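Here is what each chain is made of, one letter per residue.
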Amino acid sequence: MISKSHIEDYISDRILLRAEDFLYVLPHELLRSYIANYTITFPNKNMISENYTIIPSGGATIVFSFNGNEIQDTLFGATTKTHIVGKKANCSQCLLIIEFHPYGLRHFIKTQQSELTNLLVPLSIVDPLLYQRTYCIFEQAQNVYELISALDNFFLEHSGRQTIKSELALAVDEIVHRGENITVRELSNQVYYSERHLNRIFCDSIGMNVKSFTRLVRINKAIRMLKKPQFSMTQVALQAGFYDQSHFIHEFMSICNTTPMEYLKNVSDYYNEICKF
């Protein structure tokens, strides 16, 4: 199994972030439509508080944690609400985290994502093959190069177990990159699906309907702006697609379980995905 010293030894143009205790790496370029990043973390309480909270982003996540005695596996289904993970993370000596883009996990497994929404379940129950192979990769890798290469090879081999409709990819891209206030009707007109059918595809492949996913995109965009001092709260609200500041605060609280101001006061206690939006 890898050790913390291997983080410093790893050299690649695919590194997103690196520090003494963690490393974020992009997957192989052919996987980047589905997998956001691989993360290797060696937790400590100075880095992760017990209140460390994951902001929902619409994508599933696989986590392998080694506590010194055994490896535990967890699948986070696509989330529409926050999860507090700090206490459990700090019980681990090493974490491997595989973060998927919205609909990314559906590309590799048969399970409809609506069955996993907001669930934390053992990966071994949901997909034994995916569990067995990724478990062995994490357990047997002797350095980061081996780990990343083996993960890439496995996911490349199993890419396309489920076909992702091009219309879904287009709709997601429109929501993420084009307009925060785009409606289900506008999307259905663009992809030539009825609103009902489009919502069905979103639930199957992402785990939530169009409206719920759009809300998460808005909140994640707002969070990125909140961290930039040049934007006022009103500017953040309007540019992220909310009617006004009051509407923004209400939506923020309903998804993040805190106010925007409290979030900023305790920003180190929160994690929002760094490369999905």
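Before reading further, recall that the structure is shown in the block above.
The structure displayed is predicted, hence computed values, not measured ones.

*Asks:* What's the story with the pairing of strand 3 (residues 35-41) in this structure? I'm lost.
*Replies:* On any regular strand, side chains alternate: one points to one face of the sheet, the next to the other face. Counting buried positions along strand 3 gives 7 out of 7 residues, so the element sits mostly inside the fold. Across 4 bridges, strand 2 (residues 22-25) lies against strand 3 in antiparallel orientation. The residue bridging Val25 from the neighbouring strand is Tyr38, located in strand 3.

*Asks:* It is not clear to me how the packing of helix 6 (residues 166-178) against helix 7 (residues 184-191) should be interpreted in this structure. Could you clarify?
*Replies:* The relative placement of two packed helices comes down to the angle between their axes together with the axis-to-axis distance. In the contact formed by helix 6 and helix 7, the axes pass within 10 Å of each other and the chain directions differ by 135°. Classified by the interaxial angle, the pair formed by helix 6 and helix 7 is oblique. Seen from above, helix 6 lies across helix 7 with right-handed handedness. The segment helix 6 lies against helix 7, with Glu167, Leu170, Ala171, Glu174, Ile175 and Arg178 engaging Leu187, Gln190 and Val191. Tallied by class, the residues present in the contact of helix 6 with helix 7 amount to 5 nonpolar, 1 polar and 3 charged.

*Asks:* Looking at this structure, how should I read the sheet that holds strand 8 (residues 94-100)?
*Replies:* Adjacent strands of a sheet pair through backbone hydrogen bonds, lying either parallel or antiparallel. If you walk across this open sheet you meet the 7 strands as 1-2-3-8-5-6-9, and the pairing is antiparallel. Edge positions in the sheet fall to strand 1 (15-18) and strand 9 (120-121), since each has one partner strand and no second. In the sheet, strand 6 (residues 71-76) pairs with strand 9 via 2 bridges, with the strands oriented antiparallel. From the neighbouring strand, Phe76 faces strand 9, where its bridge partner is Leu120. Strands in contact with helix 4 (residues 128-140) are strand 5 (61-66), strand 6 and strand 8; relative to strand 5, the strand with the most contacts, it is inclined by about 45°.

Definitions and cut-offs
Residues numbered from 1 in each chain as written. Predicted model: local features only at pLDDT ≥ 70, side-chain atom pairs only at ≥ 80, totals over all residues. Heavy atoms only, no water. Buried < 20%, exposed > 50% of the residue type's maximum accessible area, 1.4 Å probe, protein only. Helix = DSSP H or I, 4+ residues; strand = E, 2+ residues; numbered from the N terminus. Pairing = 2+ DSSP bridges. Axes fitted to C-alpha atoms, helices over the stretch in contact; angles between N-to-C directions. Parallel < 35°, antiparallel > 145°, perpendicular 65-115°, else oblique. Left-handed = near helix turned anticlockwise from the far one by under 90°. Contact = heavy atoms within 4.5 Å. Nonpolar A, V, L, I, M, F, W, Y, C, P; charged D, E, K, R; others polar.

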